[in-house]
Amino acid sequence: MVNSIDMVTEQFEPLDKLIARMRENPAPPGSWRVTPPDELRKLLDQVKRNLTALKDKAAQYETELKTREWKV
């Protein structure tokens, strides 16, 4: 699971680059709107923090499972 989280985290670099290239264009009322780049950056930062916390918890649990004595 920890490796999977690492793989997902690696996919954020292209998103960072895409958000950096975005510019905010005001849309006329009633049209489709794209989330502003600043808000996307905030959301991406929040996702990174949450994934880091999940990875830490998974690593802790993984270590705990490995150290237990399992009886079959």
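Residues numbered from 1 in each chain as written. Predicted model: local features only at pLDDT ≥ 70, side-chain atom pairs only at ≥ 80, totals over all residues. Heavy atoms only, no water.

Chemist: How would you explain the environment of Asn 3 if you had to name every residue and give the values?
Modeler: In this fold, Asn 3 is placed in helix α1 (residues 2-10). Judged by relative accessible area, which is 63%, Asn 3 ranks as exposed. Taking the C-alpha atoms as reference points, Asn 3 and Ala 59, separated by 56 residues in sequence, lie 9.8 Å from one another. (Helix = DSSP H or I, 4+ residues; strand = E, 2+ residues; numbered from the N terminus. Buried < 20%, exposed > 50% of the residue type's maximum accessible area, 1.4 Å probe, protein only.)

Chemist: Any details on the environment of Lys 57? Residues and values, ideally.
Modeler: Mapped onto the secondary structure, Lys 57 falls in helix α3 (residues 37-67). According to the relative accessible area criterion, Lys 57 is exposed, its value standing at 54%. As a C-alpha pair, Lys 57 and Ser 31 span 26 residues in sequence and 42 Å in three-dimensional space.

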